[in-house]
Amino acid sequence: MSAVRPSETEPFDPYGPERALAYSPEDATFALFNDYATGRPVLRHGIRIPVPTEVRATWQRSRTPELTRSAGPMETIEGYGIFTFPYGPVSMGVPESGKFEVRTYGERILSLEPVTGFKSRRILTSIAGQPISDGALRIERLAGNFSAAHAAAYLAAAESAAGIEVPEGELWVRALAQELQRIYNHVHVLARLAEAASQNVGAAQTHALAEEMLRIQGSIFGHRWLFGALLPGGPRRHLDAADRRDLGRRLNLHSEQFERLWELFLGSRTFIDRIQATCPVRREEALRWGAVGPTLRACGVAWDDRLRVPVTPYNDLFLELSQESAGDALARMLVRAREVQSSYLLLEQMLDRWPRDPGRLLSPAPPVAPGRGLARVESPSGDLVYDVTASDGRVTRIGMRAASQANIPLFARGLRNGVFTDFHFAWESFGLVFAEIDA
Amino acid sequence: MPTWIGQAARNGIVTSRYPAEPATDAEVPETARPPIPLRGDAALHDGVARCPVGAISEEELDRGKCIRCARCRPAGFEFRGPVEASTGRRAELRVGSAAPAGPGLVEALPPLVGFPRSLHVFLVDAGSCNACNLEVLALANPLYDSQRLGIFFTSSPRHADVLLVVGIPTPEMAPAVLRAYEALPAPKAVIAAGVCPISGGAFAGTPGLLAGLEELVPVDVFVPGCPPAPVEILDAILRVHGRARTAGGD
């Protein structure tokens with residue numbers, strides 16, 4: 001058996017090969033600083049950069065109608081009985097549309113290549129020219145289960161581009177929505193892992209817990225998926241003292257239930273055995289391919305946007321970094337579980353110290369000179385970057401790098417030498433969402 | 001020492017009473033219900049300019065386009081329509097200024113021939129944001145437990161009676177949707193769940209995307225919502241079955 005390995009000498013790219021935002025270096029350098037822990041260049045959050053009125057058309061990331069091969073060059077592994085097994089784009093295993101081309105001789109996965117682009121809704125190109133608030137309606141529907149993170153990042157970038165002052169109360173609401181959704185997503189990942197491991201009672205109980213979080217979001221923001229929650233004039237009502245008391249009470253019950261379930265999962269040998277050493281990611285590999293979020297933190301890199309690029313209200317709240325070193329599916333789940341716990345703690349602090357002035361953003365932006373804003377937000381699956389240029393309250397160009405785009409090559413590489421039954425544990429443990437990759 | 005059995009017993013039965021009893025507010029939060037123009041024609045008139053997706057016109061409100069963004073609320077719309085808003089005819093999603101408030105009911109559609117017993121459903125994502133996918137998957141969780149009503153999800157279209165499509169069909173997914181439809185044995189039914197497959201929803205008018213699922217395959221039931229709540233999807237599946245869904249009787 002011979003294997004052609006992809007080139008190991010490509011230049012280091014912090015956003016991952018082929019998924020880089022098309023920043024030209026001179027645009028990017030002023031917005032970057034080097035992080036001392038990783039040596040990675042880092043985008044600053046929410047800064048406003050004046051740009052010439054003439055927007056350079058070359059910047060716009062063009063979407064090709066063809067499907068994208070997203071794990072770099074495909075390894076052509078040949079040998080007796082080896083064939084390419086196509087999985088997807090329609091399958092019940094991964095409940096979204098995306099395809100995997102697996103080189104195998106029947107049991108072991110020799111290499112795996114995700115093929116993305118099936119769900120491309122052309123969101124980024126269709127937003128160009130739209131008012132900021134209308135663009136937001138599409139952005140929050142870019143990835144439904146990460147809607148709060150996408151909306152918060154887009155709005156932060158667009159608002160700094162358009163020079164809009166955001167009232168502090170609004171920032172607290174955004175953080176609250178993001179932490180609720182983080183808990184939902186991590187609990188959902190746990191439920192899916194339990195399902196894949198045939199832990200039926202555990203899966204049912206955990207799915208019920210995830211559903212309870214959707215209901216909490218529904219009762220607070222009027223929408224189970226927080227659509228409209230972060231936008232001016234959307235479904236959200238003002239969060240008054242009674243709402244906060246009610247939310248605090250429900251979150252307490254939710255966290256007690258989570259602790260009980262998590263303790264039971266940690267005591268379940270079959271569950272732990274199944275995810276331990278599954279789809280491992282090494283630290284060097286994670287850094288080279290630009291992994292983000294729980295995937296990166298699970299292999300020993302101390303990186304969390306909420307700590308590294310803190311914004312209101314995170315800079316006033318206590319947050320502990322969740323970190324593991326093994327890099328496998330178990331380590332990723334351990335990181336997620338601790339993040340659920342720290343999110344409960346963050347929410348408790350937020351409710352305790354909720355700002356008196358609920359200030360809402362109501363007036364449209366005053367027309368200002370074109371500007372460009374960058375924002376990064378820790379979405380449930382990791383670092384999310386938005387780059388928005390706006391002029392006269394309209395978006396003129398927009399770029400985005402989602403967590404799933406950064407992490408999918410690590411999924412594909414980690415699964416090499418795994419077996420087919422590892423697939424679902426690997427997929428779920430990364431928290432990947434095709435909707436976010438395809439946009 | 002905590003055990004799984006103890007944990008399950010502690011929580012007891014959590015399953016919804018729907019459809020034997022009306023859906024609760026916890027199951028259907030505010031914007032999961034369709035909007036109704038409380039101020040009648042005046043609301044429609046004031047709402048036209050506020051609606052970002054063109055669901056409101058001077059004469060009617062098109063629930064098949066409404067993404068429930070609630071921007072029309074100041075014009076006098078309230079999200080109080082019936083949970084059972086799915087319909088077999090696209091035109092019925094367009095309601096005038098005298099739309100009835102929920103929870104109302106709605107007689108069952110004439111049953112589609114050939115589904116006298118349990119119903120097997122195959123989910124196809126034609127280009128969704130993942131919220132609809134997760135709402136469909138939620139039907140399997142203990143709170144909705146679709147199996148108690150004889151509704152099962154299959155992993156092959158060849159074993160399915162119903163094709164449940166979510167998302168706006170992209171040109172990349174269109175051939176796959178078509179192949180899944182053709183693989184379903186007759187008799188078969190198609191449910192378009194959410195406004196994306198009905199009209200494109202928030203993405204309507206994007207160049208390169210299909211205008212709706214009807215361009216590809218015939219649709220039997222339209223489920224408005226962005227995304228529709230699990231009980232609304234459940235209701236649509238029951239509708240395919242031709243089961244009466246009146247509050248208080250099954």
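Predicted model only: the values in this text are computed from it and were never measured.

Side note on the overall build of chain A
Working step 1: Broken down by element type, chain A carries 15 helices and 10 strands.
Working step 2: Taking all 439 residues of chain A together, 64% fall into the buried category.
Working step 3: If you take every contact in chain A between residues at least 6 apart in sequence, the share linking residues at least 24 apart comes to 73%.
Working step 4: For chain A, the exposed surface amounts to about 15600 Å²; the carbon and sulfur share of it is 54%.

A look at the packing of helix α5 (residues 168-196) of chain A against helix α7 (residues 241-266) of chain A
Residue and element names in this part refer to chain A.
Working step 1: The contact between α5 and α7 brings their axes to 13 Å, and the two run at 25°. In terms of axis orientation, α5 runs roughly parallel to α7. Two packed elements cross with a definite hand, and for α5 against α7 that hand is left-handed. Along its contact with α5, which presents L176, L180, I183, V187, L190 and A194, the element α7 presents L247, L251, H254, F258, W262 and F265.

Here we look at the interface of chain A and chain B
Working step 1: The partner chain B presents 54 residues to the 56 residues of chain A that form the contact.
Working step 2: Surface buried jointly by chain A and chain B totals about 4600 Å² across both partners, of which 60% is contributed by carbon and sulfur atoms.
Working step 3: If you sort the residues of chain A by the area they bury against chain B, M92, R141 and L264 of chain A come out on top, with a joint share of 15%.
Working step 4: The tally of links from chain A across to chain B stands at 4 salt bridges.
Working step 5: Note that R71 of chain B and D134 of chain A form a salt bridge whose closest N and O atoms lie 2.8 Å from each other.

Digging into the nonpolar core
Working step 1: Counting residues in hydrophobic clusters, the biggest one holds 104 residues, and the most contacted among them are Y154, L176 and Y386 of chain A.
Working step 2: Per element, the largest residue contribution to this core is 13 residues, and it comes from α5 of chain A.
Working step 3: When residues no more than four places from it in sequence are discounted, the contact partners of Y154 of chain A are I127, P131, I132, G135, A136, I139, Y386, V388, V395 and I398 of chain A.
Working step 4: Within the second largest apolar cluster, 53 residues are counted, among which are L119, V162, A192 and L234 of chain B.

Some details on the pattern of salt bridges
Working step 1: Within the structure shown, the criterion is met by 34 salt bridges over all chains.
Working step 2: Between R192 of chain A and E195 of chain A there is a salt bridge, with its nearest N and O atoms 3.2 Å apart. Taken together, the positions of R192 of chain A and E195 of chain A, both in helix α5 and 3 residues apart, correspond to about one turn of that helix.
Working step 3: On the basis of relative accessibility, which here comes to 11%, the residue R192 of chain A falls in the buried class.
Working step 4: A relative accessible area of 37% means that E195 of chain A is categorised as partly exposed.
Working step 5: Among the salt bridges present, the one from D62 of chain B reaches R94 of chain B, with a minimum N-O distance of 3.5 Å. You can see D62 of chain B sitting in strand β2 (residues 61-62) and its partner R94 of chain B sitting in strand β4 (residues 94-95), a full 32 residues away along the chain.

Some thoughts on the sheet that holds strand β7 (residues 162-166) of chain B
Residues and elements named next belong to chain B.
Working step 1: One open sheet accounts for 5 strands, arranged β6-β5-β7-β8-β9; its pairing is parallel. Two strands bound the open sheet, and with one partner strand each, they are β6 (151-153) and β9 (221-223). Averaged over all pairs of adjacent strands, the angle between strand axes in this sheet comes to 25°, irrespective of strand direction.
Working step 2: In the packing of helix α3 (residues 131-138) onto the sheet, contacts are made with β5 (119-125), β6, β7 and β8 (189-193), and the angle to β7 comes to roughly 140°.

Overview of α7 of chain A
Working step 1: Helix length check: α7 of chain A (26 residues) gives 37 Å between terminal C-alpha atoms against 38 Å at 1.5 Å per residue, within 8%.
Working step 2: Where α7 of chain A is concerned, the buried positions are L247, R250, L251, H254, S255, Q257, F258, L261, W262, L264 and F265 of chain A.
Working step 3: Tucked into the core, α7 of chain A has its buried residues touching α5, α6 (200-221), α8 (269-275) and α12 (329-352) of chain A together with α1 (4-11) of chain B.

Thoughts on the pairing of β5 of chain B
Residue and element names in this part refer to chain B.
Working step 1: Along β5, 6 of the 7 residues are buried, which leaves the element largely enclosed by surrounding structure.
Working step 2: As defined by bridge partners, β5 adjoins β6 across 3 bridges and the pair is classed as parallel. Note on β6: the bridge partner recorded for L119 is I151.
Working step 3: Once you follow β5 into α3 and on to β6, the crossover reads as right-handed.
Working step 4: Examined bridge by bridge, β5 and β7 share 5 bridges and lie parallel to one another. From the neighbouring strand, V124 faces β7, where its bridge partner is V165.

Focus: the side chain of N407 of chain A
Residues and elements named next belong to chain A.
Working step 1: The topology assignment puts N407 in helix α13 (residues 403-414).
Working step 2: You can call N407 buried: its relative accessible area is 0%.
Working step 3: Leaving out residues up to four positions away in the same chain, N407 has contacts with A291, V292, T295, S381, F430 and L432.

The rules behind the values
- Residues numbered from 1 in each chain as written.
- Chains lettered and ligands numbered in written order.
- Predicted model: local features only at pLDDT ≥ 70, side-chain atom pairs only at ≥ 80, totals over all residues.
- Heavy atoms only, no water.
- Helix = DSSP H or I, 4+ residues; strand = E, 2+ residues; numbered from the N terminus.
- Buried < 20%, exposed > 50% of the residue type's maximum accessible area, 1.4 Å probe, protein only.
- Contact = heavy atoms within 4.5 Å.
- Areas by Shrake-Rupley, 256 points an atom, 1.4 Å probe, with all protein chains shown as cover.
- Axes fitted to C-alpha atoms, helices over the stretch in contact; angles between N-to-C directions.
- Parallel < 35°, antiparallel > 145°, perpendicular 65-115°, else oblique.
- Left-handed = near helix turned anticlockwise from the far one by under 90°.
- Buried area = accessible area lost by both parts, 1.4 Å probe.
- Salt bridge = Lys/Arg side-chain N within 4 Å of Asp/Glu carboxyl O.
- Core = buried A, V, L, I, M, F, W, Y, C linked by side-chain atoms within 4.5 Å.
- Pairing = 2+ DSSP bridges.
- Expected span 1.5 Å × (residues − 1).
- Right-handed = clockwise from strand over helix to strand, strands pointing away.

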